[in-house]
Amino acid sequence: MRRRCDLPHVGPRASLAAAFIAGLCLFVFPPTEILAQDVPAARGSSKLLELIPPDSGLVLTVDDLRAQWQDLAATKIFDSLSKTQLVQGWLRSDKLQELQAFRGQVEQILQLTLEELRDDILGDALVLSLHLPPEATDPNLARGLVVLKAKAPEKLSRVIEAMNEGQRNNGEIAAVARRKHGDVEFSVREFPSGSGKLDEAYVSWPDGVFALSNSEALIREAIDRKAGKSVGSSSKGDKPALDRFREVDRRLPDRALVRAFLDARIVERLLRNAPRPESPGETALRKFIEAHDAAGATLSVNARGLSIRVAESFDAKKLAAIAGRLPGASKPARIGPLPEGSLAVAAFQVDFAGLYEVFRRALPAAELARVEKIEAVGRGVLLGHDVRTDVLPRIGPQVTLAAREPASWDLAGKADPVLAGKSPLPLSVSLELGSREVVDAIDNAIQTALAAVSLEPRNPGGKPWAAVSEASGIKVRTLFPTIPAAYAADRAGLRLVIGSSAEAVERVLAATASAGSATGRFHRLQSAEFPSAHSFACVDLAAVHAAIAAHGDAISARLATGTHPRQSAAADLARIDEILGLLDSASWAARFDADPAALIQELRLVPRP
């Protein structure tokens, strides 16, 4: 479907597969509805997966759509979102009328409503797979297979007959041939020679299972598999992709609206046609991609909110070869203490030594020699400590980032060109350090760098000067006005704090971890959603909504520019805030498991209670 308002004409010339896909898109994102209880349920797609090639490179499944849609429609956020001005304005727009007309055309072609398509044909289970022949590197050779379980097979037959009749009448297809494989009859929709289209084969079984493909061979194989005959993988030596998908699937939610799987082998083959990497970064990225075994993802939308989870499995040997070892064991992310007024936080587990080794291994020999000279110089400013063996292994792994409300949103009538068009939030980064010696070494290195910068005669903004303040007995240093940042070496807390200003650093040093503090709020969010995550990031959307409610005029003034006046900025902010008012938080979390090697990530939007 095009994204412009001039929707494409849909008539009998649409292919059978395209009609199903158009219907699927329309009922998942219907014109009159906007946005399923997470209850374990048997997956109908499990049986359908037995009919697709075991070495399919890409697989997408939809399970229990009928019940999940009913659960979704009953959620509070579904109802609230449909009442927002943004949605109501769209429902009154001409675009909706055009979309409704398009929907009517699709329903006329299919001879059933989209609700019937959703519930009676696609409501049980649906599997889409993409198969690339062994050793093929041209994506144009890929062939697709759709398998579904229809609740009402007679309605599915009516749809197919209507599509075939309409397309025969207008010459879109030349004929529908009946063929046989064993005792099972199937049909082939033959397109006119010279049309450039692949013939489409399909088969229906009495139990409501239906398969459609642009490869007759895949349909014949599906018939054999349905009869219980063994049709093995065409890949030699490797574990079949479906087996890898099942392993990844164990790390995904039991119930999801959509789940997808990607075989890393197909990506490797396609990369053979890509230009060879030229930079160290491109080389490292390609090696990381090649270390993948498989990847899976789910989309869940229910009363708990919207969630996207991604699970990636790796070949441990290939992954270890990138950095010389596997990532070390990680502990759950720790938050805080955070400055009061924090709107967003990120707590990461970062293996700085491992990342540095990845960087060094990707360098050509000539570049590596230069880096080694820089490392030797670095030992001087690091008080004799080696950056690879003494310093980097003792930085982290805990890194905490925070963004908070400014002390004042009001520009106080100042037409400051630096602030105009921006919404500056004070930022801070806290790095956990392993020993007081490392704190001293890094502090000395930073002070040396600041002194060197201050000697530069052509500094923008005039001659710089070192500014030193104190918070909680710790010195906060910056080079004003050259460097728009400050730092503090906290020897007692074994951490380095860097902020966008001296005030930002001072707020972190003065922060507490009490239950009623900003730290306590984010702790509760993490504990409720991702208690075992190694890395965690969260935006407190409820706090952002409260800040806009309290300081909307001042925030609009900061967002205004010469081309985007204050009135327009205020209108845009109001529309965004209306959506934010429905949500409590937006979070991301990640966890790496070493045995077997896997990375699990999840993005979640949580509605207001």
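Residues numbered from 1 in each chain as written. Predicted model: local features only at pLDDT ≥ 70, side-chain atom pairs only at ≥ 80, totals over all residues. Heavy atoms only, no water.

Within helix 7 (residues 114-121), 6 of the 8 residues are buried, which leaves the element mostly enclosed by the surrounding structure. All of the buried residues along helix 7 are Leu114, Leu117, Arg118, Asp119, Asp120 and Ile121. (Buried < 20%, exposed > 50% of the residue type's maximum accessible area, 1.4 Å probe, protein only. Helix = DSSP H or I, 4+ residues; strand = E, 2+ residues; numbered from the N terminus.)

Right, let's talk about the nonpolar core for a bit. Generally speaking, a soluble globular protein has its nonpolar side chains buried in company with each other. Counting 29 residues, the largest nonpolar core has Ile52, Val59, Val147 and Ile219 as the members making the most contacts within it. Here this core takes 4 residues from helix 10 (residues 241-249), the largest share from any one element. Among residues more than four places away in sequence, those in contact with Ile219 are Leu145, Phe186, Ala201, Tyr202, Val203, Ala211, Leu212 and Ser213. (Core = buried A, V, L, I, M, F, W, Y, C linked by side-chain atoms within 4.5 Å. Contact = heavy atoms within 4.5 Å.)

All right, on to the packing of aromatic side chains then. All told, the structure shown has 6 aromatic pairs when counted by the stated rule. Ring geometry for Tyr356 versus Phe359: centroids 6.0 Å apart, planes at 35°, classification tilted. In this pair, Tyr356 and Phe359 both sit in helix 14 (residues 352-361), 3 residues apart, roughly one turn of the helix. Given the relative accessible area of 18%, Tyr356 is considered buried. Residues Phe530 and Phe536 carry aromatic rings whose centres are separated by 6.2 Å and whose planes lie at 55° to one another, so their mutual orientation is tilted. The burial state of Phe530 is the same as that of Phe536; both residues are buried. (Phe/Tyr/Trp six-rings, centres within 6.5 Å; stacked < 30°, edge-to-face > 60°.)

In a pair of packed helices, the angle between the axes and the distance between the axes together describe the arrangement. Direction vectors running N to C along helix 14 and helix 15 (residues 365-381) enclose 140°, while the axes themselves pass 10 Å from each other. As the angle between them shows, helix 14 and helix 15 are arranged oblique. Contacts between helix 14 and helix 15 involve Tyr356, Phe359 and Arg360 on the former and, on the latter, Leu368, Val371, Glu372 and Glu375. (Axes fitted to C-alpha atoms, helices over the stretch in contact; angles between N-to-C directions. Parallel < 35°, antiparallel > 145°, perpendicular 65-115°, else oblique.)

Turning our eyes to something else, we now look at the confidence of the model for the protein chain. Across the protein chain, the average pLDDT comes to 83, with 86% of residues at 70 or higher. Scored below 50 in pLDDT, residues 413-423 shows 13 contacts in the model against residues more than four places distant or in partner chains. (pLDDT = per-residue confidence, 0-100.)

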